[in-house]
Amino acid sequence: MMIKNIIVGLLLVGVVLPLEAMKDQDFDGVADEVDECPNTSFFEKVDARGCTIEILTLPNETEKDSLQLLIGYGVIINEDLLGREEQRIETLKLNYYRNSWAYSLGSGYYHYNDTDGLIDTTLKVQKRFSLTPILKFSLGGGVKLPTYDFQGNKTDYTLYSSLIYYPIKSLSLFGQFKHTFVQDEEIGSKLHDSEYITGGLGYFITKKFYLNATYTEGHNKFVNQHDIKSISSLLYYKFNKKWFALFSYNREIDDEDAHHTYTTKIGYRVW
């Protein structure tokens, strides 16, 4: 019994003495006497001064009041689509962020062979939650309006959820789930709801230069088509406080036919 008491006493001394030696009121690992930011949240990562480390984020992750305009151009290669294996598309998108809410409106124009026309128009609303300063969750919904002119095209509805974790200020781990309630009429092919799940990681090489890698699995609305597995990458570059660019590439990895998408977007922060 005496030996047990001695061991417990030594353990208590080993814990209490360091705490007495370094007073740290906000438990951020920086002693109060040198802590320049003495009231940081318990979950915040801090630097040697005891101040919150700035987390690097993309324009669509901003928590500031902001209006952004994006103009895009893309090439879609799909050998399954006979007669229109290669399509070109121009897009226009407007994003608005206020507090923890995000809104977007987008549409575009497609071209293949001698055919062109409007693509579907999408409207999205998203609510973002800061579970901690380094862990973000969002939930949203969208409507796809049938501005693409083909028989049986109807308004579809989509639910989104996503999670982003920032283990260090320049690195992010993210995942997204997307489910679309397909309302199109069945003309020639049986349809069902589409569903996708995505995971990936992103890294800011510099404060202006970002690169990510993403893996996606899911199925589209056509019942007779195989499940989709794809990899993609996004490159972001910030020219200045107003202008930025996005370059992306997507490829299906489980099909013998070619399925590639190349996209370039130029973004402008109105405010």
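Residues numbered from 1 in each chain as written. Predicted model: local features only at pLDDT ≥ 70, side-chain atom pairs only at ≥ 80, totals over all residues. Heavy atoms only, no water.

S.K.: For this particular structure, what's the right way to read the overall build of the protein chain?
M.R.: Across its full length, the protein chain carries one helix and 13 strands. In sequence order, the protein chain lays out its α and β elements as α-β-β-β-β-β-β-β-β-β-β-β-β-β. Taking all 271 residues of the protein chain together, the buried fraction comes to 33%. Roughly 16,900 Å² of accessible area belongs to the protein chain as shown, and the carbon and sulfur atoms make up 62% of that amount. (Helix = DSSP H or I, 4+ residues; strand = E, 2+ residues; numbered from the N terminus. Buried < 20%, exposed > 50% of the residue type's maximum accessible area, 1.4 Å probe, protein only. Areas by Shrake-Rupley, 256 points an atom, 1.4 Å probe, with all protein chains shown as cover.)

S.K.: Can you help me understand the packing of aromatic side chains in this one?
M.R.: Applying the stated criterion to the full structure yields 13 aromatic pairs. Seen from their ring centres, Tyr-249 and Tyr-262 are 5.1 Å apart, and the 40 degrees between their planes marks the pair as tilted. You can see Tyr-249 sitting in strand 12 (residues 243-252) and its partner Tyr-262 sitting in strand 13 (residues 259-269), a full 13 residues away along the chain. What makes Tyr-262 partly exposed here is its relative accessible area of 38%. In this structure, Lys-127 is placed above the aromatic ring of Phe-129, and the distance from its NZ or CZ to the ring centre is 5.6 Å. (Phe/Tyr/Trp six-rings, centres within 6.5 Å; stacked < 30°, edge-to-face > 60°. Lys NZ or Arg CZ within 6 Å of the ring centre and 35° of its normal.)

S.K.: Just to check I follow, could you spell out the pairing of strand 9 (residues 194-204) for this structure?
M.R.: The side chains of a regular strand alternate between the sheet's two faces. When strand 8 (residues 171-181) meets strand 9, the two strands line up antiparallel, connected through 10 bridges. Along strand 9, the bridge assignment pairs Phe-177 with Ile-197. Pairing of strand 9 with strand 10 (residues 209-219), which is carried by 10 bridges, proceeds in the antiparallel orientation. Residue pairing in the sheet places Tyr-203 in a bridge with Leu-211 of strand 10. (Pairing = 2+ DSSP bridges.)

S.K.: Would you explain unusual backbone geometry in this entry?
M.R.: The phi angle at Asn-99 is positive, at roughly 55 degrees, despite the residue not being glycine. In this fold, Asn-99 is placed in the loop between strand 2 (86-98) and strand 3 (101-112).

S.K.: It is not clear to me how the side chain of Gln-68 should be interpreted in this structure. Could you clarify?
M.R.: With respect to the helices and strands, Gln-68 occurs in strand 1 (residues 66-78). Among the polar contacts listed, one links the side chain of Gln-68 to the side chain of Ser-66, at a separation of 3.4 Å. (Polar contact = N/O pair within 3.5 Å; in protein donor to acceptor, adjacent residues only side chain to side chain.)

S.K.: Got a minute to help me understand the nonpolar core in this structure?
M.R.: Across soluble globular proteins, nonpolar side chains show a tendency to be buried alongside one another. Within the largest apolar cluster, nine residues are counted, these being Leu-56, Leu-58, Leu-70, Phe-204, Tyr-210, Leu-234, Tyr-236, Phe-244 and Leu-246. Going through the elements one at a time, strand 11 (228-238) and strand 12 are the ones with two or more residues in this core. In contact with Leu-70, other than residues within four places in its own chain, are Thr-91, Leu-92, Lys-93, Asn-95, Phe-244, Leu-246, Lys-265, Ile-266 and Gly-267. (Core = buried A, V, L, I, M, F, W, Y, C linked by side-chain atoms within 4.5 Å. Contact = heavy atoms within 4.5 Å.)

S.K.: Mind showing me how you'd approach the pattern of salt bridges here?
M.R.: Once their charged atoms are close, side chains differing in charge can pair, the charge on each being opposite to the other. Summed over the entire model, instances satisfying the criterion amount to seven salt bridges. With a closest N to O distance of 3.7 Å, Asp-120 and Lys-144 form a salt bridge. On the criterion of sequence distance, the pair formed by Asp-120 in the loop between strand 4 (115-118) and strand 5 (121-132) and Lys-144 in strand 6 (residues 135-145) is long-range, its members being 24 residues apart. Accessibility expressed as a relative area gives 14% for Asp-120, which makes it buried. (Salt bridge = Lys/Arg side-chain N within 4 Å of Asp/Glu carboxyl O.)

S.K.: Looking at this structure, I do not really get the environment of Lys-136. What am I missing?
M.R.: Turning to its location among the elements, Lys-136 is positioned in strand 6. When its relative accessible area of 18% is taken as the criterion, Lys-136 is described as buried. Sequence separation of Lys-136 and Ser-162 is 26 residues, and the distance between their C-alpha atoms is 8.2 Å. Other than its neighbours up to four places away in sequence, Lys-136 contacts Glu-63, Phe-129, Ser-130, Ser-162, Leu-163, Ile-164 and Tyr-166.

S.K.: In this structure, what is going on with the pairing of strand 4? I would like to understand it.
M.R.: The pairing of strand 3 with strand 4 spans four bridges and is antiparallel. By the bridge assignment for strand 4, Tyr-109 is matched with Leu-118.

S.K.: Please clarify how the environment of Tyr-148 should be interpreted in this entry.
M.R.: Its location among the elements puts Tyr-148 in the loop between strand 6 and strand 7 (156-168). Counting along the chain gives 38 residues from Tyr-148 to Tyr-110, while the straight-line C-alpha distance between them is 9.4 Å.

S.K.: Help me understand the environment of Tyr-215 in this model?
M.R.: Among the structural elements, Tyr-215 can be located in strand 10. For Tyr-215, a relative accessible area of 33% gives the class partly exposed. When the C-alpha atoms of Tyr-215 and Gly-175 are compared, they prove to be 9.5 Å apart, with 40 residues separating the residues in sequence. Residues within four places of Tyr-215 in sequence aside, it is in contact with Ile-197, Thr-198, Gly-199, Lys-229, Ser-230, Ile-231 and Ile-253. Of the polar contacts made by the side chain of Tyr-215, one reaches the side chain of Glu-217; its length is 2.6 Å.

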